[in-house]
Amino acid sequence: MGKDDLKLLSMWASPFCMRVKVALAEKQIPYEEIMEQDLMGGKSELLLKSNPVHKQVPVLLHEDKPIAESANIIAYLDEVFPDKPLLPECAYGRSRARFWADYINRKVHPAGGAIWNAKDKDEVEAAKKNFLEIMMYLDGTLGDKDYFNGDTFGFVDILLIGLSSWFPAYEKFGDFKLEDHYPKLAAWIARSHARESVSESLTNPEKIINFVIMMRKMYGLE
Amino acid sequence: MTQDKVKLFGVWQSPFVLRVKCALKLKGVEYEYVEDDLLNKSSMLLQYNLVYKKVPVLVHNGKPIVESLVILEYIDEVWKNHSLLPEDPLEKARSRFWAKFVDDKFVPVISKMLRVTPAHKENVAKDAREILKTLESCLNPDVQFSEGNKLTYMDIAIVWVGYYAQILEKILDVKLLDDDNSPLLNKWFKDVFDHEVIRECLPPFDKLVAHYTNFHEQHMTVDD
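Residues numbered from 1 in each chain as written. Chains lettered and ligands numbered in written order. Predicted model: local features only at pLDDT ≥ 70, side-chain atom pairs only at ≥ 80, totals over all residues. Heavy atoms only, no water.

Chain B has the name glutathione transferase in an unreviewed UniProt entry, where Tagetes erecta is given as its organism. Quoted verbatim from the Sequence similarities (unreviewed entry) field of UniProt, the annotation for chain B is "Belongs to the GST superfamily." As its UniProt record puts it under Catalytic activity (unreviewed entry), chain B is described as follows: "RX + glutathione = an S-substituted glutathione + a halide anion + H(+)". (UniProt positions renumbered as here; feature names shortened; annotations may be inferred.)

In the nomenclature of an unreviewed UniProt entry, chain A corresponds to glutathione transferase from the organism Tagetes erecta. Within the UniProt record for chain A, the comment given under Catalytic activity (unreviewed entry) is "RX + glutathione = an S-substituted glutathione + a halide anion + H(+)". Annotation of chain A in UniProt includes, under Sequence similarities (unreviewed entry), the sentence "Belongs to the GST superfamily. Tau family."

Here is the structure:
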């Protein structure tokens, strides 16, 4: 019990959970992972009790007190465990990071989802165009830096890299390759994957693709 | 000592601009306000907010900050008097969670209400009341706003919901702030409205009613 009593309620396919795992690994914080077992059926009692508003993973339990929403959780961890900070030091830098965090949260996963949920060729094309426009903004803000955070891997990098586990699925169903459009962004993904915190926390994209195929079958798209 | 130069681009009716005005006023920050014409967005606004092209935009010594909740955190970090966010990281996380909840849930429902036909207004009002009921659960009965009259991040982030709910009640003749549904929340709103800073920053009620009545008439979708 005490400062080290951390539990993460998670689910293997959730890119939002992967983000939190990357953050925990970057800061070398020990925790216990509690995976939701039943994907399609009911949610666990613990999850429903810990996040009654959204009933979604990830939820961090710190000494049994719940913190929900991945960006929120990572900001919390950064404050409680200030070693190896994830956010920039200055207020303006932090405001830029929070802006891009908000942008990534609003746009990326829904836009990707629209690609594999599309019902016909026209819808796929429109969804792909929208997704690539979002990537354009991200590529622009990354620029020639190694990471969104500058020289060091930080908050914005973590938020986006978790979502990137789903990118091969978007590429497959959208019939495109990110590196053909935005090579800098693709290089950033590869650079980030070289970090142990990332390679150990992200689910294998093949597993995600199979998960998406299963969902598409459920929705009558396959 | 160099003078801090602060500029706020906004529109008078925006609840997100309201948030920023409240924070600046509470902390006694002097700023220049620029009312933006939404239809003919000024090139200066576009220069500062290329991604969303929306207000509010705070410009501090030439550097732009966008997104109202991001702006609130920035203001709190730069001007440290009357701090808005709690010290305790857990309480801070809670505040951020509820501010985001309000934006994620209430904004779409307000948008729906402003386009609703008489036949569907009760259904949408019911959805809104459910969200308000959930929002009520964010209130910590041990820490009421009225204690010490201290305005917090959560008060500033959420106060617009109560005000705009009243406006919608008037325009659509529906009940949103129902004491059978969310009595604690309703009381909380009343307390926050009474704070001097909030009172001075809230746009005039009648002006908002007229503006949104007009909007509703123009955007109401036809009944099938």
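The discussion continues.
Summing up its helical and strand segments, chain A has 11 helices and 4 strands in all. Over its C-alpha atoms chain A spans a radius of gyration of 17 Å, differing by no more than 12% from the 17 Å that the globule rule assigns to 222 residues. A sequence separation of at least 24 residues applies to 71% of the contacts in chain A between residues at least 6 apart. Put simply, chain A shows about 10300 Å² of open surface, and 50% of that area lies on carbon and sulfur atoms. (Helix = DSSP H or I, 4+ residues; strand = E, 2+ residues; numbered from the N terminus. Rg over C-alpha atoms; globule rule 2.2 N^0.38 Å. Contact = heavy atoms within 4.5 Å. Areas by Shrake-Rupley, 256 points an atom, 1.4 Å probe, with all protein chains shown as cover.)

A few words on the sheet that holds strand E3 (residues 59-62) of chain A. Pairing between the strands of a sheet comes from backbone hydrogen bonds, and it takes one of two forms, parallel or antiparallel. Residue and element names in this part refer to chain A. One open sheet holds the 4 strands; their spatial order is E2-E1-E3-E4, and the pairing between them is mixed. Unpaired on one side and paired on the other, strand E2 (32-35) and strand E4 (65-68) mark the two borders of the sheet. Neighbour-to-neighbour, the strand axes of this sheet turn through a mean angle of 25°, independent of strand direction. On the sheet, helix H1 (residues 15-26) packs against strand E1 (6-10) and E2 and is oriented at approximately 155° with respect to E1. (Pairing = 2+ DSSP bridges. Axes fitted to C-alpha atoms, helices over the stretch in contact; angles between N-to-C directions.)

This part is about the environment of A:Ile73. Of note, A:Ile73 is situated in helix H3 (residues 70-80). Setting aside anything within four residues of it in sequence, one finds A:Ile73 in contact with A:Val20, A:Pro58, A:Val59, A:Leu60, A:Ile67 and A:Ala68.

Residue and element names in this part refer to chain B. Here the structure, examined in full by the defined rule, presents 25 salt bridges over all chains. A salt bridge links glutamate 73 to arginine 96; its shortest N-O distance comes to 2.8 Å. Taken together, the residues glutamate 73 in helix H3 (residues 68-78) and arginine 96 in helix H4 (residues 89-113) connect sequence positions 23 residues apart. Exposure remark for glutamate 73: the relative accessible area of 6% places this residue in the buried category. Arginine 96 sits in the buried class, given a relative accessible area of 12%. (Salt bridge = Lys/Arg side-chain N within 4 Å of Asp/Glu carboxyl O. Buried < 20%, exposed > 50% of the residue type's maximum accessible area, 1.4 Å probe, protein only.)

All names here are of chain A. Of note, serine 50 is situated in helix H2 (residues 45-50). Here the side chain of serine 50 touches leucine 46 through a polar contact of 2.6 Å, landing on its backbone oxygen. What serine 50 contacts, discounting residues up to four positions off in sequence, is Leu9, Val59, Leu61 and Pro66. (Polar contact = N/O pair within 3.5 Å; in protein donor to acceptor, adjacent residues only side chain to side chain.)

On to the UniProt feature "domain: GST C-terminal" (unreviewed entry) in chain A. In the numbering adopted here, UniProt assigns the feature "domain: GST C-terminal" (unreviewed entry) to residues 90-211 of chain A. What you have in residues 90-211 of chain A is 76% helix and 0% strand, and the ends, taken at the C-alpha atoms, are 41 Å apart.

This next bit is on the nonpolar core. With 156 residues, the main nonpolar core has A:Val108, A:Met135, A:Leu138, A:Phe167 and B:Leu58 as its most contacted residues. If you tally residues by element for this core, the top one is helix H6 (residues 153-172) of chain B, at 15 residues. (Core = buried A, V, L, I, M, F, W, Y, C linked by side-chain atoms within 4.5 Å.)

Residue and element names in this part refer to chain A. Put simply, helix H5 (residues 121-142) and helix H9 (residues 183-193) touch, their axes get as near as 9 Å, and they point 75° apart. The orientation of H5 with respect to H9, classified from their angle, is roughly perpendicular. Contacts from Met135, Leu138, Asp139 and Leu142 of H5 reach H9 at Lys184, Leu185 and Trp188. Along the lines of polarity and charge, the residues of the contact of H5 with H9 split into 5 nonpolar, no polar and 2 charged. (Parallel < 35°, antiparallel > 145°, perpendicular 65-115°, else oblique. Nonpolar A, V, L, I, M, F, W, Y, C, P; charged D, E, K, R; others polar.)

Moving on, we come to the pairing of E2(A). The two faces of a sheet get side chains in turn, since along a regular strand they alternate between them. Residues and elements named next belong to chain A. Pairing analysis gives 4 bridges linking E1 to E2, with the strands arranged parallel. Each residue of the ladder has a partner; that of leucine 8, found in E2, is glutamate 33. With H1 bridging E1 and the parallel E2, this β-α-β connection has right-handed handedness. (Right-handed = clockwise from strand over helix to strand, strands pointing away.)

The subject of this paragraph is the sheet that holds strand E1 (residues 6-10) of chain B. Residues and elements named next belong to chain B. Read from one edge of the open sheet, 4 strands run E2-E1-E3-E4, paired in mixed fashion. Every other strand in the sheet has two partners, leaving strand E2 (32-35) and strand E4 (63-66) as the edge strands with one partner each. Taking each pair of neighbouring strands and ignoring which way they run, the sheet shows an average axis angle of 20°. Taken together, the 4 bridges between strand E3 (residues 57-60) and E4 define a ladder with antiparallel strand orientation. Note that in E4 the partner of valine 57 across the bridge is valine 66.

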